[in-house]
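Read off the chains here:
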Amino acid sequence: MISAVKEKALAAKTSKTKKMSGAEMVIEALVEQGIDTIFGYPGGAVLPIYDALFQQNKVKHILCRHEQGAAHAAEGYARSTGKTGVVLVTSGPGATNAVTGLTDALLDSIPLVCITGQVPTFLIGNDAFQEADTTGITRPCTKHNYLVKDVNDLSNILHEAFHISGSGRPGPVVIDLPKDVQFAEGNYINKANAITHMYQPQTEPDMMAIEEAVRLIANAKKPIFYTGGGVINAGPKASKDLTEFVKKTGHPITSTLMGLGAFPAHEEQWLGMLGMHGTYEANWAMHDCDVMVCIGARFDDRITGDIAKFSPKSKKIHIDIDPSSINKIVSVDLPIVADAGSAITAMLKIWKDKKYKVNQDALNRWWSKIDEWRSVNCLSYKNSDTIIKPQFALERLRHHLSKQKKDVFITTEVGQHQMWAAQFLPFDKPNHWMTSGGLGTMGYGLPAAIGTQLGNPDGLVIDVAGEASILMNIQEMSTAVQYNLPVKIFILNNQWMGMVRQWQELLHGERYSQSYTESLPDFVKLAEAYGGVGLRADTPDELDGVIEQMLKTDKVTIVDVRTCQSENCFPMIPSGKAHNEMILAADADKFDKKLV
Amino acid sequence: MVVKGKKQSISVYGDGPGDRAIERHTLSVLVDNEPGVLARVIGLFSGRGYNIESLTVAETNKELNQSRMTIIAVGTPAVIDQIRHQLERLVPVHRVNDLTEEGDHVERELALVKVVGTDEKRIEALRSANIFRARVVDSTQESFVFEVTGSADKVNAFIDLMIPLGMVNVSRTGSAAISRGPDKM
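Computed from a predicted structure; not experimentally measured. Per chain, residue numbering runs from 1 following the sequence as it is written. Here the convention is simple: chains get letters from A, ligands get numbers from 1, in the order in which they are written. Local features in this predicted model are restricted to residues of pLDDT 70 or higher, and side-chain atom pairs are both shown and tallied only at a pLDDT of 80 or more, whereas totals for entire chains, interfaces and linings draw on every residue. Only hydrogens and water are removed before side-chain values are computed, so all heavy atoms of the structure are retained for them.

Asker: Would you mind going over the side chain of arginine 501 of chain A in detail, with residue names and values included?
Answerer: Residue and element names in this part refer to chain A. Here a strand is any run of E in DSSP of at least two residues, a helix any run of H or I of at least four, and the numbering for each starts at the N terminus. Assignment of secondary structure puts arginine 501 in helix H21 (residues 498-507). Polar contacts involving the side chain of arginine 501 include one to the main-chain carbonyl oxygen of serine 566, which spans 3.1 Å. Residues are treated as being in contact if the distance between any of their heavy atoms lies within 4.5 Å. Residue contacts for arginine 501: discarding those within four places in its chain leaves Trp496, Tyr512, Ser515, Gln565, Ser566, Glu567 and Asn568. The term polar contact refers here to a pair of N or O atoms within 3.5 Å; inside protein, the definition further demands a hydrogen-donor-capable atom paired with an acceptor-capable atom, and it admits residues adjacent in sequence only when both atoms are side-chain atoms.

Printed below as a string of structure tokens:
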């Protein structure tokens, strides 16, 4: 039901509108929204839309092998292109299977529009075949959702869904569309006439606060920039301006897992990722700083460690587009509600206009302290001639990628390999790193790589995976084969759910409960069975050859890298500890094993 | 190994927020009157573990199809602040006013109280009802239904008085609230 005012306004416009079926409206709205690729899986309650899809050629449908895969593929597509990802699934199990992807998109602020079929309106509530209360189920895992009961509301809802999904803090929006509404004829309101202005989040910063922030940054003696996924979401210009601003200040910068790539990792000012498996220098700098500039990050528990001991001496500036992120976990001194891009651009302009200069002496002292922390060389590991260390495998991958002419995109699954990928691979550009940060969804990487490859046909897309995670959405191999997507799956196969094993070793008295991945498939044969290429590296000296071969294939390729089984991911801040209590690989025996 | 009952700090998630001062705030929330809006608000409270003491809602503007909710929430100041921001984040929510924070406001609740009794008790119930300016809205030889309006405290006091006089049922609306003075909320 829409308001009387809105209804009147819309009625005035409907005189100019076309009549069409609900299913046709979906296609029409997608085209108007600039969507040319959607991901989905057909089923009874969504067949009218699939019928409409069949009769046009503007929107390409990618048939995934599971609705979860479709949702993650749409996420990968969205994150690597900056466009909104679109998912089309049927009612009941189609919708419930998509829920993990929706929740993932909510936690990582990815713009998705998911259209779910629903049983006809007159059957809703009757426990009909493949009926589920989709709006009820998805209410807590979407930014917003709709159940469309009248075809005349549909086109406006479609346009509003895209508006809500992509503006402010992006997120997933579900449109639950009963089958009779898909068949029914109604008035189509085009994008220009749609009324979507009810939702208008604040994106422009308070300039007084920005002035104050720049003044704090300029006067800081021990500053640090701590940036997150918000900078990536704000578009490539935000990353460009951030890079320029940070370079002008000469301050150190670190980023969350989600924010990697916003600032080029090859720059001297880059400290590496922070948080639980972040670098020693980034975490110590966070702990000891006097001014913290948090842009588009949200003080997640994996970032802060013990809140009570989190960066005790700093003045904190927090720029976030979502007012509820501010003061949620850490109370800050200078909150600024704004789009990260607008805020960075404004700060950069003021810095230039007022010709701010940093306190160079203090900054030099701060850098020498940081260099001391850097000299610890926290990512070092003990290499071996006989067993492939996962870190070594990634270093070799990094070496080969550095010679690549193609644009390289990395996706990951979730676990140790994800952290090692974040630590060892270089991220120089935004939108080139797709990983499930907030929700930590195993099985994310392969479908996300598929979406990424579709959005970037000339790119080189590599899914850094673990052997346990990859099996969670392995069926998407078929999708990659069907659409000739030469995605590379680089499995660091240690035959364990590595991160679970690591926690059990360090925190649960070495009782390895259910974390050994028994009865693994032969990944080479598995790749071949799907019609892809399978490769294997058993020893360190085989690695280079296998990586070179992988980079040459034009088909989906699984590389089974048999790695050391007992390697742990360090450095590590044990949960509930502070940044300055982090543990290095060399001191692993100092780990407080009483901590649970 | 998890040692229960010991200090909480052995948990990987560290210590909880501990015992900070709990406050009680009245929030006035202007929402679109559309299906599911109440579920969104309720879901927010249950999903994020916020405590709600009272919630009332009804349509207040037919033309704009808007309803006003009055929510009484309890929590630490930081939690109350979060509740407000999280409510503002919901798409059908237009405006949230923390009336407790913003200054003077009026809060009223209505209760219907059924009292069963005869003789002295019946007379006493009627007498007390008069003191509280409760109206009799239904009456039989052996029962009254009183309608009492006022702050939650007043309603509580009235109910306490009626319990020994044979109160059998009570039905309360929860608080509705509005700011004092000429300013629009």
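Asker: Tell me about empty space enclosed by the protein, residues and numbers included.
Answerer: All names here are of chain B. Detection works on a 1 Å grid of protein atoms alone, calling trapped sets that fit a 1.4 Å probe cavities and calling open sets with protein on both sides within 12 Å along at least five of seven lines pockets, with lining residues defined by an atom within 4 Å of a point. Grid points are joined across faces, edges and corners, and a volume is the space filled by probe spheres set on the points. Applying the stated criterion across every chain, the model contains one cavity of 30 Å³ or more. The calculated volume of the largest cavity comes to roughly 30 Å³. Val115, Val116, Gly117, Lys121, Arg122, Ala125, Ser143, Phe144 and Leu165 are the residues that line the largest cavity. Elements with a contribution of two residues or more to the lining of the largest cavity: strand S5 (105-116), helix H4 (119-131) and strand S7 (143-150). For the lining of the largest cavity, the element with the highest residue contribution is H4, accounting for three residues. When residues are sorted by character, Ala, Val, Leu, Ile, Met, Phe, Trp, Tyr, Cys and Pro go into the nonpolar class, Asp, Glu, Lys and Arg into the charged class, and all the rest, Gly among them, into the polar class. By residue class, the composition of the lining of the largest cavity is five nonpolar, two polar and two charged.

Asker: Now, about the sheet that holds strand S3 (residues 66-75) of chain B: what can you tell me, with residues and values included?
Answerer: All names here are of chain B. The rule for pairing is simple: two strands pair if DSSP sees at least two bridges between them. With antiparallel pairing, the four strands of this open sheet are ordered in space as S2-S3-S1-S4. Since the sheet does not close on itself, it has two edges, and those belong to strand S2 (51-61) and strand S4 (93-98), each with one partner. With direction set aside, neighbouring strand axes in the sheet form an average angle of 20°. Axis definition: a line fit to C-alpha positions, over the contact stretch in the case of helices; interaxial angles, taken between N-to-C directions, run 0 to 180 degrees.

Asker: Quick rundown of the pairing of strand S13 (residues 315-320) of chain A? Include the residues and the values.
Answerer: Residue and element names in this part refer to chain A. Remark: exposure states derive from per-residue accessible area (1.4 Å probe, protein chains only) relative to the maximum for the residue type, with buried under 20%, exposed over 50%, and partly exposed in between. S13 sits mainly inside the fold: five of its six residues count as buried. Pairing analysis gives five bridges linking strand S12 (residues 291-295) to S13, with the strands arranged parallel. Paired with isoleucine 295 across the strands is isoleucine 319, a residue of S13. With four bridges joining them, S13 and strand S14 (residues 334-337) adopt parallel strand pairing.

Asker: Account for a negative patch on the surface, with residues named and values stated.
Answerer: Residue and element names in this part refer to chain A. Among the surface-exposed residues, Asp385, Asp538, Asp541 and Glu542 lie close enough to one another that they form a single negatively charged patch. Among the structural elements, aspartate 541 can be located in helix H23 (residues 540-552). When its relative accessible area of 66% is taken as the criterion, aspartate 541 is described as exposed. For patch building, the residue pool is restricted to those with more than 30% relative accessible area and no salt bridge; the joining distance is 9 Å between like charges and 5 Å between nonpolar side chains (Val, Leu, Ile, Met, Phe, Trp, Tyr). Accessibility throughout is a Shrake-Rupley quantity obtained with a 1.4 Å probe, and a residue counts as covered only by protein chains that appear here. Any carboxyl oxygen of Asp or Glu that lies within 4 Å of a side-chain nitrogen of Lys or Arg is treated as forming a salt bridge with it. Note that His is not counted, nor are the chain ends; the positive residues are Lys and Arg, and the negative ones are Asp and Glu. The atoms used to mark charge sites are NZ of Lys, CZ of Arg, CG of Asp and CD of Glu.

Asker: Outline the domain arrangement of chain A, supporting the account with residue identities and numerical values.
Answerer: Residues and elements named next belong to chain A. The split of the chain into domains comes from an automatic or database domain assignment. Each assigned domain of chain A is listed with its residue range as follows: domain 1 (4-193), domain 2 (207-374) and domain 3 (390-569). Opposite the 23 residues of domain 1 that make contact, domain 3 presents 27 residues. Both faces combined, the contact of domain 1 with domain 3 buries some 1,900 Å², and carbon together with sulfur accounts for 57% of it. What counts as buried area is the accessible surface, traced by a 1.4 Å probe, that two parts surrender upon association, with contributions from both included. Three residues stand out in domain 1 for area buried against domain 3, namely Arg65, Arg79 and Ser80, and they jointly supply 32% of the buried area on that side. Joining domain 1 to domain 3, the criterion identifies zero salt bridges. The leading source of residues in the side of domain 1 that touches domain 3 is helix H4 (residues 67-81), at ten residues. Residue composition of the side of domain 1 that touches domain 3, by class: seven nonpolar, ten polar and six charged.

Asker: Lay out helix H12 (residues 280-288) of chain A in plain terms, naming residues and giving numbers.
Answerer: Counting buried positions along H12 of chain A yields nine of nine residues, so the element is predominantly enclosed. Tyr280, Glu281, Ala282, Asn283, Trp284, Ala285, Met286, His287 and Asp288 of chain A are the residues of H12 of chain A that are buried.

Asker: Can you break down the domain arrangement of chain B residue by residue, with the values?
Answerer: Residues and elements named next belong to chain B. On domain assignment, one finds that chain B holds domain 1 (20-102) and domain 2 (105-179). Once you take the C-alpha centre of each, domain 1 and domain 2 turn out to be 28 Å apart. Both sides together, the interface formed by domain 1 and domain 2 hides about 620 Å², and carbon and sulfur atoms give 55% of it. Of all residues in domain 1, Thr56, Thr70 and Leu99 bury the most surface against domain 2, accounting for 56% of the area lost on that side. Linking domain 1 to domain 2 there are zero salt bridges. For the pair domain 1 and domain 2, the number of links is four residue pairs in polar contact (both at pLDDT 80 or more). Broken down by secondary-structure element, the contributors of at least two residues to the side of domain 1 that touches domain 2 are strand S1 (23-32), S2, S3 and helix H3 (99-102).

Asker: How would you explain the sheet that holds strand S15 (residues 408-412) of chain A if you had to name every residue and give the values?
Answerer: Residues and elements named next belong to chain A. Here we have six strands laid out as an open sheet, ordered S16-S15-S17-S18-S20-S19, and parallel in their pairing. Two strands close off the open sheet at either side, each with one partner strand: strand S16 (433-434) and strand S19 (533-537). Two elements, S19 and strand S20 (residues 557-562), share five bridges in a ladder whose sense is parallel. Residue pairing across strands places leucine 535 opposite valine 559, the latter belonging to S20. Helix-sheet contacts for helix H16 (residues 390-401) involve S15, strand S17 (460-466), strand S18 (488-493) and S20, and the interaxial angle to S18 is about 155°.

Asker: So what's going on with the environment of glycine 101 of chain A? Which residues, and what values?
Answerer: Residue and element names in this part refer to chain A. Mapped onto the fold, glycine 101 is located in helix H5 (residues 93-107). Here glycine 101 falls in the buried class, since its relative accessible area comes to 0%. A C-alpha to C-alpha distance of 42 Å links glycine 101 and arginine 215, two positions 114 residues apart in sequence. Filtering out sequence-adjacent residues up to four positions away, glycine 101 remains in contact with Ala71, His72, Glu75 and Leu112.

Asker: Quick one: what's the story with the nonpolar core, residue by residue and with numbers?
Answerer: All names here are of chain A. The biggest cluster of nonpolar side chains holds 108 residues, and the ones touching the most others in it are Ile295, Ile317, Leu397, Ile462 and Phe490. Among the elements that take part in this core, helix H14 (residues 340-353) stands out by supplying eight residues, more than any other. If you count residues domain by domain, this core takes at least three from each of domain 2 (207-374) and domain 3 (390-569). Setting aside residues no more than four positions away along its own chain, leucine 397 makes contact with Leu425, Ile462, Val464, Phe490, Ile547 and Met550. Put simply, buried Ala, Val, Leu, Ile, Met, Phe, Trp, Tyr and Cys residues joined by side-chain atoms within 4.5 Å make one nonpolar core. By size, the runner-up hydrophobic cluster in this structure holds 42 residues, among which are Val89, Met434, Ile474 and Leu485.

Asker: Run through the packing of helix H2 (residues 22-32) of chain A against helix H7 (residues 151-166) of chain A, naming residues and quoting values.
Answerer: In a packed pair of helices, the relevant descriptors are the angle between the two axes and the axis-to-axis distance. Residues and elements named next belong to chain A. Where H2 contacts H7, the two axes come as close as 10 Å, and the packing angle between them is 25°. It follows from the interaxial angle that H2 and H7 lie roughly parallel. For the pair H2 and H7, the crossing hand works out as right-handed. Between H2 and H7, the residues in contact are Gly22, Met25, Val26, Ala29, Leu30 and Glu32 and Val151, Leu154, Ser155, Leu158, His159 and Phe162, respectively. Each residue belonging to the contact of H2 with H7 can be placed in one class, and the counts come to eight nonpolar, three polar and one charged. Roughly parallel covers angles under 35 degrees, roughly antiparallel covers those over 145, roughly perpendicular covers 65 to 115, and oblique covers all other angles. Left-handed describes a crossing whose near helix is turned anticlockwise from the far helix through less than a right angle; right-handed describes the clockwise counterpart.

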